[in-house]
Amino acid sequence: MNKVYIKHSIVPKLRRFSPWVYANEIDSPLEEFTSGEVVALFSKKDGFLGTAYVNPKCSIFARVLSFGKEEIGKKFFHNRIKNAIKKRESLLNVSNAVRLIHSEADFLPGLIVDKYGENLAIQINTAGMENFRELIIGTLKQFLNPQWMVEKSDLYSREIEGLEDKNGTLFGEPCAQFELVENGLSFLVDIEDAQKTGFYLDQRKNRQICANYIKEGDTVLDLCCNAGGFGIYALRAGAKECVFVDVSESAIAQTKANVERNELTCESLHVKDVFTFLKEQKYKNSFNMVIIDPPSFAKNKEQAVGAKRGFKHLLMESTKAVKNAGLIGFFSCSHHVGRKELLEIVMEVSHDLKVQFILLEQMQQDSDHPCLINASASFYLNGLLLRVEK
């Protein structure tokens with residue numbers, strides 16, 4: 001195993017178990033290493049610091065696999081995968097679909113695995129994990145014996161890592177429509193064609209939190225509804241009407257099927273960009289709850305400024321659309337627009353529209369998408385449940 005020397009000033013960061021080392025924090029020639037190579041991290045003054053894989057093509061040069069001296073092979077992956085699966089056992093009482101492996105938070109950076117019943121959807125997003133592809137797939141087969149495994153690796157992440165795009169069936173017969181059961185509700189999921197790895201599993205807890213505030217006869221607007229999760233929870237809780245909006249035709253078709261599957265009623269479904277929809281409809285004081293849950297507007301720091309403008313516009317229009325004392329669920333799934341930024345946007349809108357917001361709930365991803373305290377990027381999903389006082 002080759003050694004990578006870290007600048008002495010970075011040692012305290014690694015001693016606090018930070019899982020990333022950036023290229024400008026290295027005290028070795030980067031060109032000496034190959035993409036995905038496993039190395040030992042050292043400081044010239046402090047000695048051994050950990051075991052990592054590296055990629056000289058990326059600003060994140062090293063991702064730590066272990067802060068101990070471990071051989072990264074069959075036993076390592078066997079233990080890490082086994083432990084990750086065990087941690088999710090209790091959630092299977094709530095749903096038949098859970099995230100089994102969540103990258104750095106399960107100490108397997110660059111690997112994501114979601115379980116949909118007897119099916120697995122995986123993402124291998126880094127060169128380091130790509131080098132262990134067959135070992136990972138073999139270990140998952142050994143533990144879970146899935147009927148079907150589909151790869152839905154993130155194109156953006158793989159491109160940064162210098163990897164080719166990889167998507168599609170790895171083995172087994174594709175499951176065209178999976179019936180996901182969550183908190184007593186049923187959702188049909190097209191795992192292969194849907195966004196992310198199939199369904200927004202990370203919002204499971206937040207769907208229930210928002211539904212807890214619904215009163216009989218409420219009206220709801222679900223923006224960027226994807227498969228209709230928030231709105232369907234609201235209808236089940238007693239809302240008399242929900243307006244669903246998504247730019248994806250397949251997402252709206254899936255929402256319609258999910259509404260019917262749960263024996264609920266909804267006639268207002270719109271295939272439209274939410275910005276255009278809000279501009280055209282000009283709703284005013286119409287809804288008891290509005291959900292704002294867009295896809296990631298900011299995949300990197302450079303996109304954060306434009307993303308915040310988009311979030312502000314959505315919150316302003318939603319504030320106009322909600323009734324006095326109505327509620328807004330305001331979500332961001334990018335750590336570049338985190339809780340601090342969301343609160344800043346809320347304060348700006350409060351000033352601009354001369355309304356006050358009361359914060360009722362602070363929300364984050366469900367427990368099968370854990371946050372690693374030492375990695376701020378793992379706090380990627382943030383939500384605020386706001387009451388609007390006009």
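What counts and what doesn't
- Residues numbered from 1 in each chain as written.
- Predicted model: local features only at pLDDT ≥ 70, side-chain atom pairs only at ≥ 80, totals over all residues.
- Heavy atoms only, no water.
- UniProt positions renumbered as here; feature names shortened; annotations may be inferred.
- Disulfide = S-S within 2.5 Å.
- Buried < 20%, exposed > 50% of the residue type's maximum accessible area, 1.4 Å probe, protein only.
- Helix = DSSP H or I, 4+ residues; strand = E, 2+ residues; numbered from the N terminus.
- Pairing = 2+ DSSP bridges.
- Phe/Tyr/Trp six-rings, centres within 6.5 Å; stacked < 30°, edge-to-face > 60°.
- Lys NZ or Arg CZ within 6 Å of the ring centre and 35° of its normal.
- Domains from an automatic or database assignment.
- Contact = heavy atoms within 4.5 Å.
- Buried area = accessible area lost by both parts, 1.4 Å probe.
- Salt bridge = Lys/Arg side-chain N within 4 Å of Asp/Glu carboxyl O.
- Polar contact = N/O pair within 3.5 Å; in protein donor to acceptor, adjacent residues only side chain to side chain.
- Axes fitted to C-alpha atoms, helices over the stretch in contact; angles between N-to-C directions.

An unreviewed UniProt entry annotates the protein chain as PUA domain containing protein of Sulfurospirillum deleyianum. For the record of the protein chain, the UniProt heading Subcellular location (unreviewed entry) holds the text "Cytoplasm". For the protein chain, the Sequence similarities (unreviewed entry) comment in UniProt is given as "Belongs to the methyltransferase superfamily. RlmI family."

Novice: Would you mind going over the state of the cysteines with me for this structure?
Specialist: As used here, a disulfide is simply a covalent bond connecting the sulfur atoms of two cysteines. Within this structure, the stated rule accounts for 0 disulfides. In this structure cysteine 333 is a free cysteine whose sulfur lies 9.6 Å from that of cysteine 224, the closest cysteine sulfur available. You can call cysteine 333 buried: its relative accessible area is 17%. The thiol sulfur of cysteine 371 is not disulfide-bonded, and the nearest other cysteine sulfur, from cysteine 333, lies at 14 Å.

Novice: For this particular structure, what's the right way to read the pairing of strand 7 (residues 111-116)?
Specialist: It is a general feature of regular strands that their side chains alternate between the two faces of the sheet. Among the 6 residues that make up strand 7, 6 are buried, leaving the element largely enclosed by the rest of the structure. Here strand 7 shows two buried faces, one formed by Leu111, Val113 and Lys115 and the other by Ile112, Asp114 and Tyr116. Relative to strand 7, strand 6 (residues 97-102) is paired through 5 bridges, and the arrangement is antiparallel. When the sheet's bridge partners are listed, arginine 99 is paired in strand 7 with aspartate 114. Relative to strand 8 (residues 119-124), strand 7 is paired through 6 bridges, and the arrangement is antiparallel. Looking across to strand 8, one finds that isoleucine 112 is bridged to glutamine 123. Between the antiparallel neighbours strand 7 and strand 8 lie 2 residues, among them glycine 117 with a positive phi of about 60°.

Novice: Mind showing me how you'd approach the packing of aromatic side chains here?
Specialist: In this description, an aromatic ring pair is defined by two values, namely the gap between the centres and the angle between the planes. Under the defined criterion, the tally for this structure stands at 14 aromatic pairs. Pairing tryptophan 20 with tyrosine 22 gives two aromatic rings, centres 6.4 Å apart and planes at 85°, and the pair type is edge-to-face. Look at tyrosine 22 and you get partly exposed, because its relative accessible area is 31%. A ring pair is formed by phenylalanine 311 and phenylalanine 330, whose centres lie 5.9 Å apart and whose planes are at 75°; its orientation type is edge-to-face. Residue phenylalanine 311 is found in helix 10 (residues 304-321), and its partner phenylalanine 330 is found in strand 17 (residues 322-332); the two are separated by 19 residues along the sequence. Assessed through its relative accessible area of 2%, phenylalanine 311 is described here as buried. Cluster of aromatic residues (ring-pair linked, three or more members): Tyr5, Phe42 and Phe48. Over the aromatic face of tyrosine 233 sits the side chain of arginine 236, whose NZ or CZ is 5.7 Å from the ring centroid.

Novice: Hey, could you run me through the domain arrangement of the protein chain in this one?
Specialist: Reports of interface size often rely on the accessible area that becomes lost once the parts have come together. Annotation of the protein chain at the domain level lists domain 1 (3-66), domain 2 (74-175) and domain 3 (200-389). Computed over C-alpha atoms, the centres of domain 2 and domain 3 are 28 Å apart. Tallying the contact residues gives 15 residues for domain 2 and 12 residues for domain 3. Both faces combined, the contact of domain 2 with domain 3 buries some 1100 Å², and carbon together with sulfur accounts for 66% of it. The largest per-residue losses of area from domain 2 upon contact with domain 3 belong to Leu91, His102 and Tyr156, which jointly make up 42% of the total buried on that side. Counting every contact that joins domain 2 to domain 3 gives 0 salt bridges. Counting across the interface, domain 2 meets domain 3 through 4 residue pairs in polar contact (both at pLDDT 80 or more). Mapped onto the side of domain 2 that touches domain 3, the elements with two or more residues apiece are strand 6 and strand 7.

Novice: Help me understand the pattern of salt bridges, please; the structure alone is not making it clear to me.
Specialist: Side chains carrying opposite charge are able to pair once their charged atoms draw close together. With the rule as written, the count across this model stands at 24 salt bridges. Of the charged contacts in the structure, one is a salt bridge between arginine 204 and aspartate 368, with a shortest N-O distance of 2.9 Å. Pair noted here: arginine 204 is in helix 6 (residues 204-211) and aspartate 368 is in the loop between strand 18 (356-364) and strand 19 (382-389), with a separation of 164 residues, a long-range link. In this pair, the class of arginine 204 matches that of aspartate 368, namely buried. For lysine 340, the salt bridge identified is with glutamate 344, shortest N-O distance 3.0 Å. Here glutamate 344 and lysine 340 lie together in helix 11 (residues 339-353), a separation of 4 residues that amounts to about one turn.

Novice: Just checking my understanding: could you explain the sheet that holds strand 7 for this structure?
Specialist: Backbone-to-backbone hydrogen bonds pair the strands of a sheet. The strands run either parallel or antiparallel. Reading across from one edge, 6-7-8-9-10 is the order of the 5 strands in this open sheet, with mixed pairing throughout. Unpaired on one side and paired on the other, strand 6 and strand 10 (167-172) mark the two borders of the sheet. This sheet shows a mean twist of 20° between the axes of neighbouring strands, independent of strand direction.

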